[in-house]
Amino acid sequence: MLKSKKKNIKLLNKLIMNRKFKTINIFTLSILALGGTMSSCVGDSNSPGLEYMPDMYRSPAVEAYVDYGQILGKYNLDIVAAYKPGLAPAGTIPTTSNAMNDLPYEHGAPIGFDKSHGLYGMPVDSTGYADAAGDLNPIAYTEKTKKEAKVIYQNFCIHCHGEKGDGQGTVVTNGGFPPPPAYGGALKDLSAGQIFYSVTYGKGLMGSHASQLTKEERWKVVHHVEELQGKVKEVEVELLFDANTDTDGDHVMDNMDECPTVAGSIDNHGCPAVSEAVAAVLEGAIRGLVFTTGSATINPSSFKSLNGIRDLMQQDSTATLILNGHTDNVGNAASNQTLSLLRAKSVRDYLVTNGIDSKRINPIGYGQTKPKVSNDTEEGKLANRRVEFRLY
Ligand code: HEC
């Protein structure tokens, strides 16, 4: 902007020197002045552009429809702590009582936002977009999600991107808006995490959708974009627990809550906090548990760490155990669900044979619905085949 202003001044001087000034008239002058004020300071072509006076509409107070910590590039724990979760009136978007909305998304806004969105003092990130490529979609792709994703797309994206995602929406065909790249063409290999990133922060002519769609809705619509990319997606079995229900009222929604029927803390995955010593025994059992590949037979090498769990449960006769079984994404989603449940049950049976009342143990099978890390590598798959122990 400075450069172009200087240029304008130079040009003005020249005009005055030439004494043609009088004939050049006010009109030219105003065009030059306008050019100086209106030209954007943002060099980054991916930035949706300059926000003039952001404080006029960006309130420092807690407000509905603002996904705190997202657009500001930072999870603002002070605000989250100060806000009383669960108090959102019916029909409004809760900010912290829905675990899906609370999912921290740690990537900073793209670097161009530093200049264009007035994020003074907020972290902006030149690597966030690249890093986002590794993010997994936390929303399971079920028949229900599939339908919901399509509706979100129809309401928020179709007018630009078109029904087939070919960039031929009505504002393009009727309105002359430049066509976005086709999902199945130039954007064919864009990953789920990057789709989410661009929908969240905006890119080029597309503005941020963070204030229109909750984080959950944004992750859902990513599924529909992937369908339009032509990615092969296996429909998963319905989640065991509902994202809209919080049975134990601890503000961790059932589908994210590893102890969905007992109130716990957000830090401990919705389970009540345990002492460090107990946590160490649980961690040891999780790491020590090995099954024969593809079966629910426990390898004898695991018995020692399982006996540690038995001892804990014998010492505290009120303690109850939840066993969450998970698999990697190899094979069929339904049979993975069965296998994960059978494995959790095997652990229960071992403990029951060793003197623990079966009523104190609750095995759950999640199948492949909750990977801990990406299934892209063998290491990742190994980490995802697991049974998690929660004691309370
Ligand atoms: C106002 C029109 C418009 C709307 C509405 C819109 N987009 Fe876009 N979108 C674009 C344009 C234009 C681009 C190309 C941006 C660029 O690369 O400069 C784009 C790019 C994208 C990309 C590619 C981003 C990347 O990282 O390369 C994705 C994914 C996307 N849009 C998804 C969506 C989804 C999902 C919605 C609905 C929630 C949506 N868009 C709504 C116009 C729009």
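What you are looking at is a predicted structure, and each value in this text was computed from that prediction instead of being measured. Within each chain, residue numbers correspond to sequence positions counted from 1 in written order. Local features in this predicted model are restricted to residues of pLDDT 70 or higher, and side-chain atom pairs are both shown and tallied only at a pLDDT of 80 or more, whereas totals for entire chains, interfaces and linings draw on every residue. Side-chain descriptors were evaluated using all non-hydrogen atoms of the structure, hydrogens and water having been removed beforehand.

Visitor: Looking at this model, I keep getting lost on the environment of arginine 386. Mind explaining?
Guide: Elements are defined by DSSP. Helices are runs of H or I of four residues or more, strands are runs of E of two residues or more, and each kind is numbered from the N terminus. When you line up the elements, arginine 386 lands in strand β5 (residues 386-391). For the pair formed by arginine 386 and isoleucine 286, sequence separation is 100 residues and the distance between their alpha carbons is 7.1 Å. Any pair of N or O atoms that falls within 3.5 Å is considered a polar contact. Within protein, one atom must be able to donate a hydrogen and the other to accept it, and sequence-neighbouring residues count only if both atoms are side-chain atoms. A polar contact is formed between the side chain of arginine 386 and the backbone oxygen of lysine 370, at a distance of 2.9 Å.

Visitor: Honestly, the coordination of the iron atom of the ligand in this entry has me stumped. Any pointers?
Guide: In an ideal tetrahedron of four donors about a metal, each angle is 109.5 degrees. In an ideal octahedron of six donors, the angles are 90 or 180 degrees. Distances decide who is a donor: an N, O or S atom must be within 2.8 Å of the metal, or within 3.2 Å for Na, K and Ca. Water is not included, so sites may look incomplete. Distances from the iron atom of the ligand to its protein donors, His161 (NE2) and Met206 (SD), fall at 2.0 to 2.2 Å. Note that the iron atom of the ligand binds 6 donor atoms; their angles at the metal cover 82 to 178°, and the shape is octahedral. With histidine 161 in helix α8 (residues 158-161) and methionine 206 in the loop between α10 (192-201) and α11 (215-229), this pair connects stretches of sequence that are 45 residues apart. Note on geometry labels: four donors, all angles 85 to 135 degrees, give tetrahedral; four donors become square planar and six octahedral when opposite donors are over 155 degrees apart and every other angle is between 65 and 115; remaining cases are irregular.

Visitor: Explanation requested: the pattern of salt bridges in the structure shown.
Guide: The salt bridge definition used is simple: a Lys or Arg side-chain nitrogen within 4 Å of an Asp or Glu carboxyl oxygen. Counting across every chain of the model gives 12 salt bridges. One salt bridge in this structure joins lysine 220 and glutamate 216, with 3.2 Å as the shortest N-O distance. On the criterion of helical spacing, the pair formed by lysine 220 and glutamate 216 is a turn pair, its members being 4 residues apart in helix α11. Accessibility here uses a 1.4 Å probe with only protein chains present; expressed as a share of the type maximum, an area under 20% marks a residue as buried, one over 50% as exposed, and anything in between as partly exposed. For glutamate 216, a relative accessible area of 9% puts it in the buried group. One salt bridge connects lysine 231 with glutamate 226, and the closest N-O pair in it is separated by 3.5 Å. Using a relative accessible area of 28% as the deciding quantity, one classes lysine 231 as partly exposed. Each of the salt bridges in this network shares a partner with another, and the network as a whole consists of Glu148, Glu216 and Lys220.

Visitor: Before we go on, may I ask you to explain the confidence of the model for the protein chain in this structure?
Guide: Low pLDDT means the predicted coordinates in that region are not meant to be read closely. Here the protein chain averages 77 in pLDDT, while 71% of its residues score no lower than 70. Here helix α4 (residues 99-102) stands out as the element of the protein chain with the lowest mean pLDDT, 47, in contrast to α8, whose mean of 97 is the highest. For every residue, the predictor states its confidence as a pLDDT score lying anywhere from 0 to 100. Any two residues whose heavy atoms approach within 4.5 Å at even a single point are treated as in contact. The model gives residues 1-5 a pLDDT under 50, and that stretch makes 5 contacts with residues more than four places away or in other chains. Note that residues 82-88 has pLDDT below 50 and, in this model, 9 contacts with residues that lie over four places away or in other chains.

Visitor: Would you take a moment to explain the site of the ligand for this structure?
Guide: Any residue with at least one heavy atom within 4 Å of a molecule or strand is counted as near it. Around the ligand there are 23 residues in total, and Tyr129, Cys157, Cys160, His161 and Met206 lie nearest to it. Contacts to the ligand include histidine 161, whose side-chain N or O atom sits 2.7 Å from a nitrogen atom. The contact in question runs from an oxygen atom of the ligand to an N or O atom on the side chain of serine 198, over 2.7 Å. Secondary structure elements with two or more residues in the shell around the ligand: α8, α10 and α11. Gly is placed with the polar residues, together with every amino acid not listed as nonpolar (Ala, Val, Leu, Ile, Met, Phe, Trp, Tyr, Cys and Pro) or charged (Asp, Glu, Lys and Arg). When grouped by side-chain class, the residues that make up the shell around the ligand number 17 nonpolar, 5 polar and 1 charged.

Visitor: Please clarify how the nonpolar core should be interpreted in this entry.
Guide: The nonpolar side chains of a soluble globular protein tend to be buried with one another. Grouped together as the largest cluster of nonpolar side chains are 23 residues, with contacts concentrated most on Leu321, Val347 and Phe389. Where this core is concerned, the elements lending two or more residues are α12 (276-288), α13 (303-315), β3 (321-326), α14 (333-353) and β5. Apart from the residues lying within four places of it in its own chain, the contact partners of valine 347 are Leu289, Phe291, Ile298, Leu306, Leu323 and Phe389. If you look at the next biggest cluster of nonpolar residues, it comprises 17 residues, including Tyr153, Cys157, Trp219 and Val222. Residues enter a nonpolar core if they are buried and are Ala, Val, Leu, Ile, Met, Phe, Trp, Tyr or Cys, with the set joined through side-chain atoms within 4.5 Å.

Visitor: Which parts of the structure should I look at to understand the sheet that holds strand β4 (residues 361-365)?
Guide: Whether parallel or antiparallel, the strands of a sheet pair through hydrogen bonds between backbone atoms. At least two bridges found by DSSP between two strands is the condition for calling them paired. The strand order β4-β3-β5 describes an open sheet built from 3 strands, whose pairing is mixed. The open sheet has two edge strands, β4 and β5, and neither has a second partner. Here the average twist between neighbouring strands, direction ignored, is 20°. Both β3 and β5 contribute to a ladder of 6 bridges, which runs antiparallel. In the sheet register, glycine 325 faces β5, and the bridge partner there is valine 387. On the sheet, α13 packs against β3, β4 and β5 and is oriented at approximately 15° with respect to β5. Every angle, taken between N-to-C directions, lies between 0 and 180 degrees, and every axis is a line fitted to C-alpha atoms, over only the stretch in contact when it is a helix.

Visitor: Looking at this structure, how should I read the state of the cysteines?
Guide: To count as a disulfide, a pair of cysteine sulfur atoms needs to be within 2.5 Å. Within this structure, the stated rule accounts for 1 disulfide. Between the sulfur of cysteine 259 and that of cysteine 271 lies a disulfide, 2.0 Å long from S to S. Every disulfide takes its handedness from the sign of the S-S torsion; for cysteine 259 and cysteine 271 that torsion is 95°, giving right-handed. You can see cysteine 259 sitting in the loop between α11 and α12 and its partner cysteine 271 sitting in the loop between α11 and α12, a full 12 residues away along the chain. Overall, the relative accessible area of 0% leaves cysteine 259 in the buried class. The class for cysteine 271 is buried, based on a relative accessible area of 1%.

Visitor: I tried to follow unusual backbone geometry on my own but got confused; where do I start?
Guide: Where the residue is not glycine, phi is negative for most of them; where a peptide bond is considered, it is trans in most cases. Non-glycine residue histidine 251 carries a positive phi angle of around 70°. Here histidine 251 shows up in the loop between α11 and α12.

Visitor: Just checking my understanding: could you explain the side chain of glutamate 388 for this structure?
Guide: Assignment of secondary structure puts glutamate 388 in strand β5. Among the residues examined, glutamate 388 registers a relative accessible area of 6% and is labelled buried. Here arginine 386 takes part through its side chain, which lies 2.8 Å from a polar atom of the side chain of glutamate 388. Setting aside residues up to four positions removed in sequence, glutamate 388 forms contacts with Glu258, Ile286, Ile322, Leu323, Asn324, His326 and Lys372.

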